[in-house]
Amino acid sequence: MEDSFVIQGANPLKGNIILSGAKNIALKIIIASLLFDQEVVLNNIPHIIDVQELLNLIAHLGGKYQFKENKLLLDGRTISINKVALLHASKIRVSFMLFAPLLFRFKECFVPNPGGCRIGARPIDRIVEGMEKLGVTIRYDSDTGYYQARVDDQPSGGTYRFQKPSHTGTELLILIGLFSKSKTVIENSALEPEIDELISFLNQSGANISRSGARIEVNPGALLKQASPFRISCDRNEAVTFATLAVATKGDITVSGLSKEPLLAFINLLQQVGGGVDIVNNDTIRYYFKQQIRSLQIETSPHPGFMTDWQPNFAILMTQAEGESTITERVFENRFSYVEQLRRLGAEIDYIKIPTINPSEYFFFNFDPSRKYNQAIRIRGPQQLHGGVLTISDLRAGAALAEAALIAEGESIVNGASTIERGYERFAQKITSVGGDITKYE
Ligand code: EPU
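What counts, and where the lines are drawn
- Residues numbered from 1 in each chain as written.
- Predicted model: local features only at pLDDT ≥ 70, side-chain atom pairs only at ≥ 80, totals over all residues.
- Heavy atoms only, no water.
- Helix = DSSP H or I, 4+ residues; strand = E, 2+ residues; numbered from the N terminus.
- Rg over C-alpha atoms; globule rule 2.2 N^0.38 Å.
- Buried < 20%, exposed > 50% of the residue type's maximum accessible area, 1.4 Å probe, protein only.
- Contact = heavy atoms within 4.5 Å.
- Areas by Shrake-Rupley, 256 points an atom, 1.4 Å probe, with all protein chains shown as cover.
- Lys, Arg positive; Asp, Glu negative; His and termini not counted.
- Charge placed at Lys NZ, Arg CZ, Asp CG, Glu CD.
- Pairing = 2+ DSSP bridges.
- Axes fitted to C-alpha atoms, helices over the stretch in contact; angles between N-to-C directions.
- Right-handed = clockwise from strand over helix to strand, strands pointing away.
- Polar contact = N/O pair within 3.5 Å; in protein donor to acceptor, adjacent residues only side chain to side chain.
- Near = heavy atom within 4 Å.
- Nonpolar A, V, L, I, M, F, W, Y, C, P; charged D, E, K, R; others polar.
- Parallel < 35°, antiparallel > 145°, perpendicular 65-115°, else oblique.

Draft legend 1. Seen up close, the overall build of the protein chain. Within the protein chain, the secondary structure is distributed over 15 helices and 23 strands. For 442 residues, the compact-globule estimate of 2.2 N^0.38 gives 22 Å, and the protein chain sits close to it at 22 Å. If one aligns the C-alpha atoms of the protein chain with their principal axes, the spans along those axes are about 65 × 50 × 45 Å. Taking all 442 residues of the protein chain together, the buried fraction comes to 58%. Nonlocal contacts in the protein chain, meaning residues at least 24 apart in sequence, comprise 73% of its contacts between residues at least 6 apart. As presented, the protein chain carries roughly 17200 Å² of accessible surface, and 47% of it is formed by carbon and sulfur atoms. The average position of the 46 basic charges and that of the 48 acidic charges among the side chains of the protein chain differ by 3 Å.

Draft legend 2. How the structure looks around the sheet that holds strand β23 (residues 437–441). With mixed pairing, four strands are arranged side by side in an open sheet as β21-β22-β1-β23. Bordering the open sheet on either side are β21 (389–391) and β23, each of which pairs with just one other strand. Ignoring strand direction, the axes of neighbouring strands in this sheet form an average angle of 20°. Relative to β23, strand β1 (residues 4–8) is paired through five bridges, and the arrangement is antiparallel. Its bridge partner being in β23, S4 is matched across the sheet by Y441.

Draft legend 3. Geometry of the pairing of strand β10 (residues 184–187). Taken together, the four bridges between strand β9 (residues 158–161) and β10 define a ladder with parallel strand orientation. Across the sheet, the residue bridging to T159 is V185, located in β10. Running through helix α6 (residues 167–178), the crossover from β9 to the neighbouring parallel element β10 is right-handed. By the bridge criterion, three bridges tie β10 to strand β12 (residues 215–219) in an arrangement that is antiparallel.

Draft legend 4. How the structure looks around the side chain of N24. Turning to its location among the elements, N24 is positioned in helix α1 (residues 23–33). Looking at N24, its side chain comes within polar contact range of the side chain of K23, at 2.8 Å. Those residues in contact with N24 that lie beyond four places of it in its chain are E171, E194, N237, D309 and R396.

Draft legend 5. Seen up close, the site of the ligand. Close contacts around the ligand come from 27 residues, with D125, S166, T168, D309 and V331 the closest. Measuring from an oxygen atom of the ligand, one finds a side-chain N or O atom of N24 at 3.0 Å. Between N366 and the ligand, the recorded distance is 3.2 Å, taken from a side-chain N or O atom to an oxygen atom. Breaking the shell around the ligand down by element, the ones donating at least two residues are α1, α5 (125–133), α6 and α13 (395–407). Along the lines of polarity and charge, the residues of the shell around the ligand split into 11 nonpolar, six polar and 10 charged.

Draft legend 6. Focus on the environment of D252. On the secondary structure map, D252 appears in strand β14 (residues 252–256). On the accessibility criterion, D252 (23% relative accessible area) is partly exposed. For the pair D252 and I29, spaced 223 residues apart in the sequence, the C-alpha separation amounts to 33 Å. Once residues within four sequence positions are removed from consideration, D252 is found in contact with L13, K14, G15, A246, R286, Y287 and Y288. There is a polar contact of 2.9 Å between the side chain of D252 and the side chain of R286.

Draft legend 7. Local environment of the packing of α1 against helix α2 (residues 49–61). Running from amino to carboxyl end, α1 crosses α2 at an angle of 10°, the nearest separation of the two axes being 10 Å. By the angle between their directions, the pair α1 and α2 is classed as roughly parallel. Where α1 abuts α2, its residues K23, A26, L27, I30 and I31 lie against D50, V51, L54, L55 and I58. Residues of the contact of α1 with α2, tallied by class, amount to eight nonpolar, no polar and two charged.

Draft legend 8. Up close: the side chain of D75. Within the secondary structure, D75 is located in strand β5 (residues 71–75). Using a relative accessible area of 13% as the deciding quantity, one classes D75 as buried. A distance of 2.7 Å separates a polar atom in the side chain of D75 from a polar atom in the side chain of R77. Dropping the residues within four chain positions of it, D75 is found in contact with Q38, E39, G63 and K64.

Written as structure tokens, this is what we have:
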């Protein structure tokens, strides 16, 4: 199986893109829907590999679904198995969020250590601690790689303060709070808009969840009932991918489906480097090449900062910027897998050391002082990239490498195309629709 994109680069990409539903919203709302005692209808669910893997996993547990076009009908009432199969769980990291519906239905469940992209160790220690604080008894069996979780009758509820925020951790604790005995309070929760969409979905279905800054209160006991189908918002990572492509290829792309609010940190930096951004209307933004791009120093951080998922795209743009740019990654400890690959296309890119006064606080992963990390890079531009053979190791790095190939002169082969399709719906078709020369070989 070839699983490759063949790309002829250096065409300015121009046209219109309609964004697909967001992976990181869809996956969590699908899992939350398994807590309902009725069929749930979700619209704008993207046809991507991660969604399909999750649906396979749910079907294996006995859940029922129909997925046509972008509409998903999902019924968790038929779930009859409380053990998540290792095969399916290893393919998708959010599988550990199934703790919530399985504990709700069976009071005991078995969930393996999660899989997902190789962007760091990605432990779930804070999440396990949070579950324990809410009254879940949880034990890890290192021989089998499974967690066994149990509640007597219901989780107790209570207060948990994340030492460092966790996006999916916050979402899982919200779901557990829904069927607890008493109120759940999550402090220092993550602030990502994807979490607020999960809260809206649940509140529209009768839940009583409120957020005040980083404090979330979940009042239990509501009977979840869907009044009307829920539409998943569009994907901000996809928006950033097409925005940076427009500017980096000296093109002009109008992106529809999302307002500027969830993208503000990105739009600010894009404007700072000289990228063209016009807000066309409430859900349409035009991104275009306006002038020679300038260099910039960026660091990633959780929302409302500059998101870790966007830095690989921005790195590609920075290869076209005048001067020396730096990117510091604070959220995950292995998010520069594209660096080696990018050098193959002629990019001038190196790891650099950044002096940090208190790395344990500065980084959002669990910093280990005895380990060596590569958390910052320097890019010198502008650089005319040339074609080459590239291998993808994680989703966002993969999209960025395809983007680099689209800027480069000549032909590139990008191996591991399906890794991009874990999170991007009709990736090659959308690139083609704005004038990119990309062909998938399966
Ligand atoms: N962490 C721990 N222990 C925990 C939980 C998190 O050490 O118990 C660490 C993580 O390893 C990471 C940091 O804390 O270094 C932040 O992790 P977080 O839990 O916030 O991230 P996540 O929930 O695993 C989600 C998205 C990511 C996105 C981040 C940041 C989903 C499915 N994944 O990850 O998306 O980058 O939040 O917003 O929602 C992607 O789509 O490519 C992707 C990686």
